[in-house]
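# Structural features, examined
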Amino acid sequence: MASSTQRGVDFDVAVVGFGPSGAVAAGLLAGMGLRVWVCDRSREVYDKPRAIAVDHEILRVFQQLGVMDAVAPHLEPFTPSEYFGVDGQLIKRLTMVAPPYPLGYTPSNVFTQPPVEGALRAHVQGHPNATVALGTQVTSLDQDGEGVTLDWRRDDGEHGSTRARWVVACDGASSRVREQVGIALEDLSFDEPWLVVDVLANERGLAKLPTTSVQYCEPDRPCTMVIGPGNHRRWEISLKPGEDPQKVVEPAETWKLLSRWLSPEDGALWRQASYRFHALVADRWRSGRVFVAGDAAHQQPPFLGQGMCQGVRDVANLAWKLAAVCHGEVRGAAAEALLDSYGIERAQHVRQLTSRIKGIGAVICERDEAKARERDARMLAECGGVVRDMPRQDVLPGLEAGLLSPLPHGANGTIFPQPWIERGGERARFDTLAGNGWWLVIDEAFDAIDAAPTSGAPSMTCLRLGEALRETEGVAADWFRRHGCRAAIVRPDRYVYGVASNAAELNAQLDALAVRLSD
């Protein structure tokens, strides 16, 4: 803390908002050795579920935090999602990639948010580098050349200020920090009223319900049923013009909308909430020393269950870049470019994924019966009348811009796999053995490396797959074969910077990276 105080700040990073994105941000930053202050106006985790889906990329981040043992009991594999058309015929089916799983975890999962969010919070609260201020709301902030002063007020009336070098705003869709720094949200042309209902079904109710998650692509009232963990079932029900969003959340009205599936004797309502499903993205992701992340930076329709996942991707992308700058590993113009790459990378990814989610929504939400029938006929014709499984992971884009190699390759911007490794008679996930930071991963057939990274390139852990790191399922070996390379430079967020097939190509990649990160 002494070094921070000498720079006229109390903390390296202030995180505003202690929901999932804020908790992951604070946990990652604290784990990277930064002094972190995190606040939230709520003292307790919200006791009802909002997010329900989490994918393997996010579980890998939880692994890095060290919370997977606490999170795992609240996860279950996501069932397939079946799409039914106007006349009840199957028109589309989303599943998950087949084993062996590329990132070491079940690719698609449902989860119970309150205990998972509680585990994330507890991890941060127990970290010596983190200071947690609950019941505390930031009322204003002021930036200067050295840091940001945040004025805050606690729910007991106490007020004060905190000073940090950088601020990450994870304070939700109505972010006050975003508004105060003048970042606007761009409308990506999706705005529909829906009712979200969570039910804890009893045995009788479960017996009535489908055994897969279902998208009812019906013009009269499009809706979704998701199978959550245990006896948790979720419905997302579109509202018709003239229906009162406040009225439909009343239990009697909600049960009317659920009557197609269940009666009040079949379970208990857990949550009813009316939402407008939006597609929005920040027009800027950074304003000076302030960054936006999670719902403060973007909102998307829930048709692929990516809302919370996108927020965790945001902070996983940003955390290591902030750490590199705070630790002085990257300075000057290179540091500014590195921090700017956060918005470049995440905006592109969010826009692409939101566009794809809107495409899925267009399939579900067609209200015109004639057009819906045309949709059904077209989709069945495209698959020759046989609906084939489509992994949800195929919908997710990679990175296409930002801190990626200038040497084009299809592997750039993809996620490097996490194989299972056998060592000393025991199996472990690759990341556990490799540690954090930059990696240089080479397969066992790679030629000897003739040169070390040039000055300016980040320090890297060199990992050779083979006898010392023998994978059990061939996941990484298959990745190298598919991409036609033998070495991969992997960023701290596990996205691939660039690849090489021989020592000369690798040295060229390292030289290019050194230039990017040198002042």
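In this report, the structure presented in the accompanying data block is examined. Here the structure is a predicted model, which is why all the values come from computation and not from measurement.

This part takes up the pattern of salt bridges. All chains considered together, the criterion is met by 36 salt bridges. We note a salt bridge from Glu 57 to Arg 313, for which the minimum N-O separation is 2.7 Å. Taken together, the positions of Glu 57 in helix H3 (residues 56-65) and Arg 313 in helix H9 (residues 307-326) put the pair 256 residues apart, joining distant regions of the chain. Residue class for Glu 57 comes out buried when judged on its relative accessible area of 11%. With relative accessibility at 5%, the residue Arg 313 sits in the buried group.

Considered as a void within the structure, the second largest pocket measures approximately 630 Å³ in volume. In terms of lining, the second largest pocket is formed by 28 residues, of which the most central are His 56, Pro 102, Leu 103, Gln 393 and Ile 415. Those elements that place two or more of their residues in the lining of the second largest pocket are H3 and helix H13 (475-483). Here the lining of the second largest pocket is built from residues that sort into 13 nonpolar, eight polar and seven charged.

Turning our attention to helix H8 (residues 251-258). Those residues of H8 that fall on the buried side of the exposure criterion are Thr 254, Trp 255, Leu 257 and Leu 258. One side of H8 holds all its buried residues, which, seen down the axis, span an arc of 160°. Turned more than 90 degrees away from the buried face of H8, the exposed residues are Ala 252 and Lys 256.

Moving on, we get to the state of the cysteines. Within the structure shown, the criterion is met by zero disulfides. Distance from the sulfur of Cys 217, which forms no disulfide, to the nearest cysteine sulfur (Cys 365) is 8.3 Å. With no disulfide of its own, Cys 223 lies 9.1 Å from the sulfur of Cys 217, the closest cysteine sulfur.

With that settled, consider the side chain of Ser 263. Assignment of secondary structure puts Ser 263 in the loop between H8 and strand S16 (267-282). Judged by its relative accessible area of 18%, Ser 263 is buried. Here Glu 265 takes part through its side chain, which lies 2.9 Å from a polar atom of the side chain of Ser 263. Sequence-distant contacts of Ser 263, defined by excluding residues within four places in its chain, comprise Arg 204, Lys 208 and Trp 255.

This part takes up the environment of Leu 34. With respect to the element layout, Leu 34 can be found in the loop between helix H2 (20-31) and strand S2 (36-40). Overall, Leu 34 belongs to the buried group, its relative accessible area being 1%. Residues Leu 34 and Asp 12, 22 residues apart in the sequence, show an inter-C-alpha distance of 6.0 Å. For Leu 34, the contacting residues outside a window of four places in its chain are Asp 12, Val 13, Leu 29, Asn 129, Leu 322, Ala 323, Cys 326 and His 327.

With that out of the way, let us pick up the sheet that holds strand S5 (residues 81-84). As summarised here, the arrangement of the nine strands in space is S19-S16-S12-S15-S14-S13-S5-S6-S20, forming an open sheet in which the pairing is mixed. Across the chains shown, the open sheet's two edge strands, defined by having one partner strand only, are strand S19 (298-299) and strand S20 (389-391). As defined by bridge partners, strand S13 (residues 213-216) adjoins strand S14 (residues 223-227) across three bridges and the pair is classed as antiparallel. Within S14, the position partnered with Val 214 by the bridge is Met 225.

So, about the sheet that holds strand S4 (residues 75-77). Strand order across the open sheet formed by three strands is S3-S7-S4, with antiparallel pairing between neighbours. Each having just a single partner strand, strand S3 (53-55) and S4 make up the two edges of the open sheet. Between one strand and the next, the sheet's axes are offset by a mean angle of 40°, whatever the strand orientation. Of the pairings in the sheet, the one linking S4 to strand S7 (residues 108-111) comprises three bridges and is antiparallel in character.

With that settled, the discussion passes to empty space enclosed by the protein. According to the stated counting rule, one finds one cavity of 30 Å³ or more in the structure shown. Roughly 100 Å³ of volume is contained in the largest cavity. If you go around the largest cavity, you meet 14 residues; those closest to its centre are Asp 55, Ser 108, Leu 304, Gln 306 and Arg 392. Elements supplying a minimum of two residues to the lining of the largest cavity: S3 and S7.

This part covers the nonpolar core. Formed by 116 residues in total, the largest nonpolar core has its most connected members in Val 15, Val 24, Phe 62, Trp 285, Phe 303 and Leu 322. Counting residues per element, this core draws most heavily on H9, at 13 residues. Excluding residues within four positions of it along the chain, Val 24 makes contact with Val 61, Phe 62, Leu 65, Leu 120, Val 312 and Val 315.

Here Met 390 is to be found in strand S20. When the C-alpha positions of Met 390 and Ser 81 are compared, they lie 9.9 Å apart, and in sequence the two are 309 residues distant. When sequence neighbours within four positions are dropped, the list of residues in contact with Met 390 reads Lys 92, Arg 93, Leu 94, Thr 95 and Val 395.

Before going further, it helps to examine the side chain of Thr 212. Here Thr 212 lies in the loop between helix H7 (203-208) and S13. According to the relative accessible area criterion, Thr 212 is buried, its value standing at 14%. Beyond its immediate sequence surroundings of up to four residues, Thr 212 is in contact with Thr 79, Pro 80, Glu 82, Met 225 and Ile 227.

What follows deals with the packing of H3 against H9. Each packed pair of helices is defined by two parameters, the angle between the axes and the distance between the axes. Contact geometry for H3 and H9: axes closest at 10 Å, N-to-C directions at 50°. It follows from the interaxial angle that H3 and H9 lie oblique. Note on packing geometry: the crossing formed by H3 with H9 is left-handed. Seen from H3, the contacting residues are Glu 57, Ile 58, Val 61 and Phe 62; seen from H9, they are Met 308, Cys 309, Val 312, Arg 313 and Ala 316. Its residues assigned to classes, the contact of H3 with H9 comprises seven nonpolar, no polar and two charged.

The next subject is the packing of H2 against H3. Two numbers describe how H2 lies on H3: the axes approach to 10 Å, and their chain directions differ by 45°. As judged from the angle between their axes, H2 and H3 are oblique. In the packing of H2 onto H3, the handedness of the crossing is left-handed. Across the interface between the two elements, Val 24, Gly 27 and Leu 28 from H2 touch Val 61, Phe 62, Gln 64 and Leu 65 from H3. Along the lines of polarity and charge, the residues of the contact of H2 with H3 split into five nonpolar, two polar and no charged.

Rules behind the numbers
Residues numbered from 1 in each chain as written. Predicted model: local features only at pLDDT ≥ 70, side-chain atom pairs only at ≥ 80, totals over all residues. Heavy atoms only, no water. Salt bridge = Lys/Arg side-chain N within 4 Å of Asp/Glu carboxyl O. Helix = DSSP H or I, 4+ residues; strand = E, 2+ residues; numbered from the N terminus. Buried < 20%, exposed > 50% of the residue type's maximum accessible area, 1.4 Å probe, protein only. 1 Å grid on protein atoms, 1.4 Å probe; cavity = no way out; pocket = protein on both sides within 12 Å on 5 of 7 lines; lining within 4 Å. Points joined across faces, edges and corners; volume = space filled by probe spheres on them. Nonpolar A, V, L, I, M, F, W, Y, C, P; charged D, E, K, R; others polar. Arc of directions from axis to C-beta. Disulfide = S-S within 2.5 Å. Polar contact = N/O pair within 3.5 Å; in protein donor to acceptor, adjacent residues only side chain to side chain. Contact = heavy atoms within 4.5 Å. Pairing = 2+ DSSP bridges. Axes fitted to C-alpha atoms, helices over the stretch in contact; angles between N-to-C directions. Core = buried A, V, L, I, M, F, W, Y, C linked by side-chain atoms within 4.5 Å. Parallel < 35°, antiparallel > 145°, perpendicular 65-115°, else oblique. Left-handed = near helix turned anticlockwise from the far one by under 90°.

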